[in-house]
Amino acid sequence: MSMSSAAHFDTVIRNGRWFDGTGAPSAVRNIGIKNGHIAAISADHLDEADCPKVIDAEGKWVLPGLVDIHTHYDVEVLAAPALSESVRHGVTTVLLGSCSLSVVHVNGIDAGDIFGRVEAIPRDHVIQAVDRHKTWTNAGEYIAALESLPLGPNIATFLGHSDMRAAVMGLDRATRKNERPTSAEQAQMDRWLTEALDAGFIGMSSQQLLFDKLDGEICRSRTLPSTYAKPRELRRLKSQLRQRDRALQSGPDIANPLNVLSQAVQSLGVLRKRLSTSLLSAADIKANPYAIRAMGPVARIINRLGGNFRWQHLPVPFEVYADGIDLVIFEEFGAGAAALHLRSEVERNKLLRDEAYRRRFRKEYESKFGVRVWHRDFFDAEIVACPDASVVGKSFGQVGVDRGGLHPVDAFLDLVLEHGTSIRWRTTISNHRPEVLKQLAQDPGVQIGFSDAGAHLRNMAFYNFGLRLLRHVHQAHQAGRPFMTIEQAVHRLTGELADWYQIDAGHLRIGDRADLFVIDPEKLDETLTEYAEEPVPAYGGLSRMVNRNDATVSTVLIGGQPVVIDGRPAELLGKRRTGCFLRAGEKARAVTAHRAPAAG
């Protein structure tokens with residue numbers, strides 16, 4: 001197969017096991033790339049004459065670039081558009097604008113308040129990045145601004161409901177229960193969404209989850225603006241998505257089962273067009289091991305009745321780290337949220353010492369009532385770093401036992417008071433049962449994603465989630481207990497997602513853009529889960545959790561350009577634009593070959 005057998009190739013990938021992203025059988029093939037596209041796929045030798053780059057992929061897999069459907073790179077892409085922490089693991093397309101958060105309409109301060117605490121991105125750096133780079137006033141200009149940057153991966157985006165609401169009403173009014181948008185403000189949100197969909201946005205994201213809290217001073221600890229929207233406001237916005245066949249990404253109020261169910265049912269097209277809905281999230285939660293049993297049946301029923309509904313799912317154990325008490329899971333109950341509300345370390349420490357506060361914390365910790373994400377078990381929380389080496393490797397519960405039978409909450413609070421953010425600990429919140437992960441990986445009502453890349457920088461690192469799913473599948477094959485084929489796994493991470501969101505990505509066929517990566521299946525090993533940190537220059541050198549498995553992914557090409565070579569980011573990554581802005585329902589537009597200035 002070839003577009004032009006006489007054409008000289010810019011790159012030839014020789015003798016790799018080729019996956020096309022559709023789930024079709026893989027095969028050993030030679031791949032020719034010309035002008036950024038796949039020009040030939042052949043079992044026969046390709047003409048390598050005058051080809052400047054030949055990649056020997058014998059014994060390796062050649063896959064379409066992975067699609068990460070849930071990131072919070074909206075701020076980082078402005079200051080460091082290479083997004084190398086995702087690209088180096090084979091991700092060539094990322095979706096922005098998740099969880100009602102985007103930076104299309106808000107100013108820098110409002111963006112800082114919205115992103116800073118919810119996504120654990122330093123507020124001051126959010127403000128600086130948005131204020132420094134913002135040249136746009138609408139969705140079309142926002143796309144043009146992105147395309148002027150030396151993008152590493154391809155970008156597609158939702159328009160965030162909280163972004164629109166804060167910009168049109170003001171953040172203060174947008175986060176008050178007794179305030180509603182005026183008719184003029186509602187009309188403005190309607191126009192903004194129309195403009196975004198016309199420009200090629202893939203849809204809108206909203207959020208009803210009530211333990212995501214704002215940063216800043218004026219609106220601190222209020223929930224996101226979208227959580228204050230009433231049904232009428234939401235119906236008008238969703239109506240556009242229905243009419244245009246664009247997607248809604250949403251997070252339900254998990255404390256209200258009726259809200260979860262209603263958001264699933266909204267996908268149905270009863271007397272109207274269906275609404276493509278991607279809901280957060282399918283997870284095997286330790287705190288509620290039975291909830292996952294309902295998620296698959298809900299999706300199957302909705303889709304059989306004519307809906308287009310999916311749960312988002314992270315296909316790996318959801319392990320989180322924390323420095324002291326700085327972790328979003330504490331937002332879900334009153335005592336934890338009260339501590340995180342205080343920005344001053346002196347005031348926070350005063351609260352943590354207060355016996356009345358501690359009684360409240362213990363009571364809420366021990367309560368068995370209500371929906372929760374965190375299992376609230378300090379015996380299942382390992383200390384990994386502390387100035388007091390005697391507690392490292394122990395749980396907070398065990399430290400309490402060692403200290404004369406202290407309650408686990410008191411042991412935790414005592415250590416936080418003693419060491420502040422110098423005490424680092426970890427726990428696994430969900431997805432801890434491999435057999436359940438296997439079931440979710442196969443479930444057609446589940447989308448593989450939810451990495452949260454670019455957020456919670458000190459708390460977690462799932463940039464290589466796709467590789468970790470491939471390892472799970474590959475090891476099952478090697479053990480003689482397969483639960484899905486490699487081709488199916490690749491399809492779930494690539495073409496299936498791109499097709500659902502209607503973007504030109506996720507496939508590796510004749511004429512497709514050469515967005516691909518080469519991996520060594522023998523290196524789908526324990527390095528994928530090893531702990532690593534790396535400073536983020538764009539955020540003042542903050543050390544964030546990352547993944548480092550450079551031997552696994554040997555090569556990544558985006559638009560035919562080598563952005564990862566021998567497992568390391570190439571020199572051009574972040575200096576020359578290789579990625580496109582992907583418009584819903586359109587073929588990707590060509591990337592010009594000129595060098596773009598590196599982002600500051």
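Residues numbered from 1 in each chain as written. Predicted model: local features only at pLDDT ≥ 70, side-chain atom pairs only at ≥ 80, totals over all residues. Heavy atoms only, no water.

Undergrad: Sorry if this is basic, but what is going on with the overall build of the protein chain here?
TA: Within the protein chain, the regular secondary structure consists of 20 helices and 22 strands. Relative to the globule expectation of 25 Å for 600 residues, the C-alpha radius of gyration of the protein chain, 24 Å, shows essentially globular dimensions. A principal-axis box enclosing the C-alpha atoms of the protein chain has dimensions of 80 × 60 × 50 Å. Of all 600 residues assigned to the protein chain, the portion counted as buried reaches 61%. The averaged location of the 72 negative side-chain charges in the protein chain is 5 Å from the averaged location of its 72 positive side-chain charges. (Helix = DSSP H or I, 4+ residues; strand = E, 2+ residues; numbered from the N terminus. Rg over C-alpha atoms; globule rule 2.2 N^0.38 Å. Buried < 20%, exposed > 50% of the residue type's maximum accessible area, 1.4 Å probe, protein only. Lys, Arg positive; Asp, Glu negative; His and termini not counted. Charge placed at Lys NZ, Arg CZ, Asp CG, Glu CD.)

Undergrad: Help me understand empty space enclosed by the protein in this model?
TA: In the structure shown here, the tally under the stated rule is two cavities of 30 Å³ or more. In terms of lining residues, the largest cavity is bounded by Asp504, Ala505, Gly506, His507, Asp512, Arg513 and Asp515. Of the residues contributing to the lining of the largest cavity, the split by class is one nonpolar, two polar and four charged. What the second largest cavity holds in volume is close to 40 Å³. Lining the second largest cavity, in full, are Ser451, Asp452, Ala453, Ala455, Met460, Ala461, Phe462 and Tyr463. Looking at the lining of the second largest cavity residue by residue, the classes come out as six nonpolar, one polar and one charged. (1 Å grid on protein atoms, 1.4 Å probe; cavity = no way out; pocket = protein on both sides within 12 Å on 5 of 7 lines; lining within 4 Å. Points joined across faces, edges and corners; volume = space filled by probe spheres on them. Nonpolar A, V, L, I, M, F, W, Y, C, P; charged D, E, K, R; others polar.)

Undergrad: Can you walk me through the sheet that holds strand 13 (residues 318-323) in this structure?
TA: Two strands in a sheet stick together by hydrogen bonds in their backbones, pointing the same way (parallel) or opposite ways (antiparallel). The strand order 13-15-14 describes an open sheet built from three strands, whose pairing is antiparallel. Edge positions in the sheet fall to strand 13 and strand 14 (382-385), since each of these pairs with one other strand and no more. Ignoring strand direction, the axes of neighbouring strands in this sheet form an average angle of 35°. (Pairing = 2+ DSSP bridges. Axes fitted to C-alpha atoms, helices over the stretch in contact; angles between N-to-C directions.)

Undergrad: Please explain the confidence of the model for the protein chain as it appears in this structure.
TA: Segments scoring low in pLDDT should not have their predicted coordinates read at a detailed level. For the protein chain, per-residue confidence averages 95 on the pLDDT scale, and 97% of positions sit at 70 or higher. With pLDDT under 50 throughout, residues 594-600 is counted as low confidence; its partners more than four residues away or in other chains account for 18 contacts. (pLDDT = per-residue confidence, 0-100. Contact = heavy atoms within 4.5 Å.)

Undergrad: Hey, could you run me through the UniProt feature "domain: Amidohydrolase" (unreviewed entry) in the protein chain in this one?
TA: The feature "domain: Amidohydrolase" (unreviewed entry), as given by UniProt, occupies residues 53-238 in the numbering adopted here. Taken end to end, residues 53-238 is 40% helix and 15% strand, and its first and last C-alpha atoms sit 48 Å apart. (UniProt positions renumbered as here; feature names shortened; annotations may be inferred.)

Undergrad: It is not clear to me how the nonpolar core should be interpreted in this structure. Could you clarify?
TA: Soluble, globular proteins show a tendency: their nonpolar side chains are buried together. Core analysis: the largest hydrophobic core is formed by 142 residues, its most contacted members being Phe330, Phe361 and Phe378. Excluding residues that lie within four positions of it along the chain, Phe378 makes contacts with Phe330, Phe361, Tyr365, Ser395, Phe396, Gly397, Pro408, Val409 and Phe412. Ala247, Ala498, Tyr501 and Ala584 belong to the second largest nonpolar core, which has 16 residues in total. (Core = buried A, V, L, I, M, F, W, Y, C linked by side-chain atoms within 4.5 Å.)

Undergrad: Explain unusual backbone geometry to me, please; I cannot follow it from the model alone.
TA: Peptide bonds are trans in most cases, and residues, glycine excluded, mostly fall at negative phi. Cis geometry marks the peptide bond from Leu280 to Ser281, where omega comes out at -20°. The phi angle at Leu83 is positive, at roughly 45°, despite the residue not being glycine. Mapped onto the elements of the fold, Leu83 is located in the loop between helix 1 (76-79) and helix 2 (84-87).

Undergrad: Which parts of the structure should I look at to understand the side chain of Arg165?
TA: Examined against the element boundaries, Arg165 turns out to sit in helix 6 (residues 161-169). Looking at Arg165, its side chain comes within polar contact range of the main-chain oxygen of Ala174, at 2.8 Å. Contact partners of Arg165, with chain neighbours within four places excluded, come to Gly170, Ala174, Glu179, Pro181, Met189, Pro225, Ser226, Tyr228, Ala229 and Glu233. (Polar contact = N/O pair within 3.5 Å; in protein donor to acceptor, adjacent residues only side chain to side chain.)

Undergrad: What is the right way to look at the environment of Asp113 in this model?
TA: Along the chain, Asp113 falls in helix 3 (residues 108-116). Here the alpha-carbon distance between Asp113 and Leu524, two residues 411 residues apart in the chain, equals 39 Å. The contacts of Asp113, once residues within four sequence positions are left out, are Arg123, Leu171, Leu214, Asp215 and Gly216.

Undergrad: Looking at this model, I keep getting lost on helix 18 (residues 465-478). Mind explaining?
TA: In an α-helix, one turn spans 3.6 residues; hence positions three or four apart end up facing the same way. Helix length check: helix 18, at 14 residues, gives a terminal C-alpha distance of 20 Å against a target of 20 Å (1.5 Å per residue), a fit within 8%. Buried residues dominate helix 18, accounting for 11 of its 14 residues. In the stretch just after helix 18, Gly480 is the one whose phi turns positive, near 80°. (Expected span 1.5 Å × (residues − 1).)

Undergrad: Could you clarify how one ought to interpret the environment of Thr22 in this entry?
TA: Considering the arrangement of structural elements, one finds Thr22 in the loop between strand 1 (11-18) and strand 2 (27-34). A sequence separation of 483 residues divides Thr22 from Ala505, and the C-alpha atoms of the two residues are 11 Å apart. For Thr22, the contacting residues outside a window of four places in its chain are His491, His507 and Arg509. For Thr22, the side chain forms a polar contact with the side chain of Asp20, separated by 2.7 Å. At a separation of 3.2 Å, a polar atom in the side chain of Thr22 contacts the main-chain amide nitrogen of Ala24.

Undergrad: What's the story with the packing of helix 14 (residues 355-366) against helix 16 (residues 408-419) in this structure? I'm lost.
TA: For any two helices packed against each other, the geometry is given by the interaxial angle and the distance between the axes. In contact at an axis separation of 9 Å, helix 14 and helix 16 are set at 130° when each is read in the N-to-C sense. The orientation of helix 14 with respect to helix 16, classified from their angle, is oblique. Our pair here, helix 14 against helix 16, has a crossing hand that is right-handed. Counting all contacts with helix 14, which are made through Tyr357, Arg358, Phe361, Arg362 and Tyr365, the residues of helix 16 involved are Pro408, Val409, Asp410, Leu413, Asp414 and Leu417. Residue classes in the contact of helix 14 with helix 16 are distributed as seven nonpolar, no polar and four charged. (Parallel < 35°, antiparallel > 145°, perpendicular 65-115°, else oblique. Left-handed = near helix turned anticlockwise from the far one by under 90°.)

Undergrad: Just checking my understanding: could you explain the sheet that holds strand 8 (residues 154-160) for this structure?
TA: Strand order in the open sheet formed by eight strands is 6-7-8-9-10-11-12-16, and the pairing between neighbours is parallel. The open sheet has two free edges, formed respectively by strand 6 (66-68) and strand 16 (446-448), since each of these has just one partner strand. The sheet shows a mean angle of 30° between the axes of neighbouring strands, taken without regard to direction. Sheet analysis places strand 9 (residues 203-205) next to strand 10 (residues 247-250), joined by three bridges and oriented parallel. Among the inter-strand pairings, Ser205 is bridged to a residue of strand 10, identified as Gln249. In this fold helix 19 (residues 486-493) packs onto strand 6 and strand 16, with an angle of close to 85° to the strand it touches most, strand 16.

Undergrad: Sorry, what's going on with the pairing of strand 1 here?
TA: Two faces make up the sheet, and in a regular strand the side chains alternate between them. In the sheet, strand 1 pairs with strand 2 via six bridges, with the strands oriented antiparallel. Bridge pairing in strand 2 links Arg17 to Val28. Here four bridges tie strand 1 to strand 4 (residues 53-56), and the two strands are oriented parallel to one another. In the sheet register, Arg14 faces strand 4, and the bridge partner there is Asp56. With two bridges connecting them, strand 1 and strand 5 (residues 61-64) associate as parallel partners. Bridging across to strand 5, Arg17 finds its partner in Trp61.

Undergrad: For this particular structure, what's the right way to read the packing of aromatic side chains?
TA: For any two aromatic rings, the description comes down to two numbers: the centre-to-centre distance and the angle of the planes. Following the criterion strictly, the structure yields 26 aromatic pairs and no others. Here the aromatic rings of Phe201 and Phe581 are separated by 6.2 Å at their centres, their planes lie at 45°, and the arrangement is tilted. Of the two residues, Phe201 sits in the loop between helix 8 (183-199) and strand 9 while Phe581 sits in the segment after strand 22 (568-569), which places them 380 residues apart along the sequence. Take Phe201 and Phe581: they sit in the same class, and that class is buried. Linked through ring pairs, Phe330, Phe333, Tyr357, Phe361, Tyr365, Trp374, Phe378, Phe396, Phe412 and Trp425 together constitute an aromatic cluster. (Phe/Tyr/Trp six-rings, centres within 6.5 Å; stacked < 30°, edge-to-face > 60°.)

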